[in-house]
Amino acid sequence: MPKGYIIGHITVNDPDAYQEYIVKDTPMIKAFGGTPIVRGGQSETPEGADFDRHVIFEFPDFDSAKALYYSKEYQEVARIRRENATSMIILVEGV
């Protein structure tokens, strides 16, 4: 069965407030079987919209990635991200 991924491209506007999002979303990601593949680090944007931070989380399957993202609990925490960052989030099935 193909893995599932959540990919985020983020520009943080308030780093101190954004930390609360990271602290709260990390245990949720783990609870749904997610593993960080990329979480920040050096990046370069040769094409497209430029964001400061990039994350990729791998899940056992696409349904697990969707279950986390659409869960009521995660959506409550995602509000913190939305208030303190500009982001693009993508759910994708792997090969």
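Note that this is a predicted model, so its numbers are computed, not measured. (Residues numbered from 1 in each chain as written. Predicted model: local features only at pLDDT ≥ 70, side-chain atom pairs only at ≥ 80, totals over all residues. Heavy atoms only, no water.)

Asker: Quick one: what's the story with the packing of aromatic side chains, residue by residue and with numbers?
Answerer: A complete count under the given rule lists 4 aromatic pairs for this structure. Relative to Tyr74, the ring of Tyr21 has its centre 6.4 Å away and its plane inclined at 65 degrees; by these criteria the two rings are edge-to-face. One end of the pair, Tyr21, is in helix α1 (residues 15-31); the other, Tyr74, is in helix α3 (residues 72-84), with 53 residues separating them in the sequence. On the basis of relative accessibility, which here comes to 6%, the residue Tyr21 falls in the buried class. Note on Tyr69 and Tyr74: the rings are 5.7 Å apart at their centroids and 45 degrees apart in plane angle, and the pair reads as tilted. Across this residue pair, the class does not change: Tyr69 and Tyr74 are buried. An aromatic cluster of at least three residues, connected via ring pairs, comprises Tyr18, Tyr21, Tyr69, Tyr70 and Tyr74. (Phe/Tyr/Trp six-rings, centres within 6.5 Å; stacked < 30°, edge-to-face > 60°. Helix = DSSP H or I, 4+ residues; strand = E, 2+ residues; numbered from the N terminus. Buried < 20%, exposed > 50% of the residue type's maximum accessible area, 1.4 Å probe, protein only.)

Asker: Describe in detail the sheet that holds strand β3 (residues 53-59), supporting the description with residues and values.
Answerer: Paired through backbone hydrogen bonds, the strands of a sheet run either parallel or antiparallel to each other. If you walk across this open sheet you meet the 4 strands as β2-β3-β1-β4, and the pairing is antiparallel. Pairing within the sheet leaves two strands with one partner each, and these edge strands are β2 (35-39) and β4 (85-93). Neighbour-to-neighbour, the strand axes of this sheet turn through a mean angle of 15 degrees, independent of strand direction. Across 9 bridges, strand β1 (residues 4-12) lies against β4 in antiparallel orientation. Note on β4: the bridge partner recorded for His9 is Met88. Against the sheet, α3 engages β1 and β4, with an angle of about 130 degrees to β4. (Pairing = 2+ DSSP bridges. Axes fitted to C-alpha atoms, helices over the stretch in contact; angles between N-to-C directions. Contact = heavy atoms within 4.5 Å.)

What is shown is where atoms sit, not what they do.
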